[in-house]
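Residue-level structural notes
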Amino acid sequence: MPLLFKAKIMLKAPELLLPAGTLDKMRAAFDYGADAVYAGQPRYSLRARNNEFKLEQLQQGIEEAHARGKLFFVASNILPHNAKVKTYLADMEPVIQMKPDALIMADPGLIAMVREKWPEVPVHLSVQASTTNFAAVKFWKSLGLTRIILSRELSLEEVEEIRQECPDMELEVFVHGALCIAYSGRCLLSGYFNHRDPNQGTCTNSCRWDYKVHSASETDGGDYQVIKFDFNQALEQANQSFAAVGNQARHPLADQVYLIEEGNRPGEMMPVMEDEHGTYIMNSKDLRAVEHVERLVKIGVDSLKIEGRTKSLYYVARTAQVYRQAIDDAVAGRPFNLALLADLESLANRGYTDGFYVRHHTPEYQNYMNGHSQAHRSQYVGDVIGIEPETGWAEIAVKNRFQIGDRIEVIHPSGNRIIELKEMKTKEGLPLNVASGNGYVVYAQLGENVEKALLARFM
């Protein structure tokens with residue numbers, strides 16, 4: 001009788017691509033599992049602010065990446081006005097000589113100029129170009145581009161169809177980071193409010209500001225004037241009035257309170273007013289798609305990208321480690337580890353969503369995902385910046401408050417450990433019970449192999 005063998009499908013691990021806002025963040029990304037990083041020139045990328053990468057840093061970053069067998073992409077994805085078009089090729093000449101592994105670009109005119117002058121340089125199409133279908137992917141391939149970063153507005157099924165229709169083009173998708181309220185990030189809010197154009201790299205994240213909402217009345221001249229309105233004071237007055245006259249009367253201030261209710265989500269009310277925390281009506285939740293990594297691996301996506309060139313080193317290290325494990329588990333056929341959700345909760349976030357990957361979640365699915373991640377939350381509390389050679393005491397730059405008795409996660413490229421903090425002291429050697437917060441330096445016994453570790457406290 002012939003032997004029957006069950007064929008095993010070998011999955012290809014996608015590239016894990018992390019942001020590099022500084023050289024230290026680039027190194028952390030590589031230490032914790034990234035295969036590649038991307039950084040941008042301030043003048044020609046969409047991160048003109050808080051961007052360390054001048055020519056000298058780009059050169060050093062590319063050299064260090066290549067020495068480690070890693071990739072370094074240069075974001076040149078601005079949507080330029082005429083003045084920048086005229087200077088572009090001359091300014092890019094020294095960058096091309098550094099031999100980055102690819103340029104990330106969005107503007108068709110600049111792309112054509114680069115393809116003509118440096119046809120050997122790989123070009124990846126930025127998400128800013130809003131590629132949402134396989135016909136567009138084929139168009140860009142015909143112009144010689146080697147990778148398409150697909151629009152964030154696609155579902156998993158649409159990504160899969162593009163993969164099937166375009167098997168010979170590299171595809172990249174975002175799996176984590178901030179989401180813009182505008183289509184593929186082409187926002188105008190910052191330019192409207194304070195003349196800093198997001199499409200020129202100077203976005204001030206106006207959608208995330210703390211907006212104060214005021215009532216207004218129309219003047220005789222047809223203009224509007226603000227009526228000063230303190231929500232907390234008004235609410236207290238309204239409560240007192242209702243208590244005095246009962247529920248049969250309607251207080252006038254009730255007309256000042258508005259809620260948005262979307263038609264397909266009855267009962268989910270969003271206040272359009274100021275509470276004690278402010279009003280953030282334009283702010284999007286952050287993207288978190290770690291639970292979809294297995295599906296993206298099976299689809300055959302070539303690169304999974306994390307957003308956040310202005311985020312902290314802890315953010316870079318934590319996301320690299322989490323998504324590295326998710327990729328490795330998916331390729332090895334291991335089930336998704338729900339603990340990864342909790343690991344990402346330790347990062348500052350505005351609430352998480354998986355964006356457009358799955359259009360209609362059931363309430364059971366949402367409760368399942370959120371419940372597990374909320375139940376195991378942790379907070380970033382410090383960096384190990386040195387080790388006393390004779391005693392092994394770890395020198396810690398404190399970022400958030402922690403104390404003796406806390407359960408501390410020691411986060412390290414070689415693997416994480418959970419310990420109970422039992423000993424802590426000051427620089428002078430005095431016993432210490434509480435590390436008060438950012439700006440302090442303390443010493444603690446954390447065990448072995450903690451050099452350059454990051455610390456998180458379970459809440």
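- An unreviewed UniProt entry lists the chain under the name Putative protease, from Chitinivorax tropicus.

**Notes on the overall build of the chain**
- When helices and strands are tallied, the chain shows 12 helices and 23 strands.
- With the model as given, the accessible surface of the chain reaches about 23,900 Å², and the carbon-plus-sulfur share is 52%.

**Quick notes on empty space enclosed by the protein**
- This structure, assessed with the given rule, holds four cavities of 30 Å³ or more.
- Put simply, the largest cavity is a space of about 80 Å³.
- By residue class, the composition of the lining of the largest cavity is nine nonpolar, two polar and two charged.
- By volume, the second largest cavity amounts to about 60 Å³.
- Surrounding the second largest cavity, V290, E291, V293, E294, A326, D329, A330, R334, F336 and N337 form its lining.
- Elements with a contribution of two residues or more to the lining of the second largest cavity: α9 (293-299) and α10 (313-332).

**Some points on the environment of S45**
- Among the secondary structure elements, S45 is positioned in the loop between β2 (36-40) and α2 (55-67).
- Separated by 34 residues in the primary sequence, S45 and L79 place their C-alpha atoms 8.8 Å from one another.
- In this structure the side chain of S45 is engaged in a polar contact, spanning 2.9 Å, whose partner is the backbone oxygen of Q41.

**Considering the side chain of S155**
- Here S155 is to be found in the loop between β6 (147-149) and α6 (156-165).
- Apart from residues no more than four positions distant in its own chain, S155 is found in contact with F356, Y357 and R359.

**A closer look at the packing of helix α3 (residues 82-97) against helix α4 (residues 108-117)**
- In contact at an axis separation of 11 Å, α3 and α4 are set at 40 degrees when each is read in the N-to-C sense. Considering the angle they form, α3 stands oblique to α4. Judged by the sense of rotation from one axis to the other, the crossing of α3 with α4 is right-handed. Contacts from V85, Y88, L89 and E93 of α3 reach α4 at L110, M113, V114 and K117.

**Remarks on the packing of aromatic side chains**
- Here the structure, examined in full by the defined rule, presents four aromatic pairs.
- Ring plane angle 65 degrees and centroid distance 5.9 Å describe the contact between F53 and F72, whose orientation is recorded as edge-to-face. Here F53, found in the loop between β2 and α2, pairs with F72, found in strand β3 (residues 71-75); they are 19 residues apart in sequence, far enough to count as distant.
- For F53, a relative accessible area of 0% translates into the label buried.
- Between Y314 and Y380 the ring centres are 4.0 Å apart and the planes differ by 5 degrees, which places this aromatic pair in the stacked class. Linking Y314 in helix α10 with Y380 in strand β15 (residues 378-387), this pair joins segments that are 66 residues apart in sequence. Taken as a pair, Y314 and Y380 share a single burial class, namely buried.
- Lying over the aromatic face of F458, R407 brings its terminal NZ or CZ to 4.6 Å of the ring centre.
- The ring of W393 has K425 sitting right over it, with the charged end atom 4.4 Å from the ring centre.

**Overview of the nonpolar core**
- Counting residues in hydrophobic clusters, the biggest one holds 89 residues, and the most contacted among them are F72, L103, L150, V173 and Y323.
- Here the element with the most residues in this core is α10; it accounts for 10 residues.
- Counting contributing residues, this core receives three or more from each of domain 1 (15-186 + 285-353) and domain 3 (378-458).
- When near neighbours in sequence (up to four residues on either side) are disregarded, L103 contacts V74, Y88, M92, I96, V114, V121, P122, V123 and H124.
- Core analysis: the next-biggest nonpolar cluster, separate from the first, contains 18 residues, A394, I396, V442 and A444 among them.

**A word on the pairing of strand β1 (residues 15-19)**
- Of all five residues in β1, five are buried, a share of seventy percent or more.
- Sheet analysis places β1 next to strand β13 (residues 303-306), joined by three bridges and oriented parallel. When the sheet's bridge partners are listed, E15 is paired in β13 with S303.
- As paired elements, β1 and β2 share three bridges and run parallel to each other. Residue pairing across strands places L18 opposite V37, the latter belonging to β2.

**Some points on the sheet that holds β15**
- Pairing is antiparallel in the open sheet, where seven strands are placed in the order β19-β18-β23-β15-β16-β22-β20. Since the sheet does not close on itself, it has two edges, and those belong to β19 (417-420) and β20 (424-425), each with one partner.
- Note: β15 against strand β23 (residues 454-458), five bridges, orientation antiparallel. Across the sheet, S378 pairs through a bridge with F458, a residue of β23.
- Against the sheet, α10 contacts β15, β18 (407-411) and β23, and its axis sits at roughly 80 degrees relative to β23.

Rules used throughout
Residues numbered from 1 in each chain as written. Predicted model: local features only at pLDDT ≥ 70, side-chain atom pairs only at ≥ 80, totals over all residues. Heavy atoms only, no water. Helix = DSSP H or I, 4+ residues; strand = E, 2+ residues; numbered from the N terminus. Areas by Shrake-Rupley, 256 points an atom, 1.4 Å probe, with all protein chains shown as cover. 1 Å grid on protein atoms, 1.4 Å probe; cavity = no way out; pocket = protein on both sides within 12 Å on 5 of 7 lines; lining within 4 Å. Points joined across faces, edges and corners; volume = space filled by probe spheres on them. Nonpolar A, V, L, I, M, F, W, Y, C, P; charged D, E, K, R; others polar. Polar contact = N/O pair within 3.5 Å; in protein donor to acceptor, adjacent residues only side chain to side chain. Contact = heavy atoms within 4.5 Å. Axes fitted to C-alpha atoms, helices over the stretch in contact; angles between N-to-C directions. Parallel < 35°, antiparallel > 145°, perpendicular 65-115°, else oblique. Left-handed = near helix turned anticlockwise from the far one by under 90°. Phe/Tyr/Trp six-rings, centres within 6.5 Å; stacked < 30°, edge-to-face > 60°. Buried < 20%, exposed > 50% of the residue type's maximum accessible area, 1.4 Å probe, protein only. Lys NZ or Arg CZ within 6 Å of the ring centre and 35° of its normal. Core = buried A, V, L, I, M, F, W, Y, C linked by side-chain atoms within 4.5 Å. Domains from an automatic or database assignment. Pairing = 2+ DSSP bridges.

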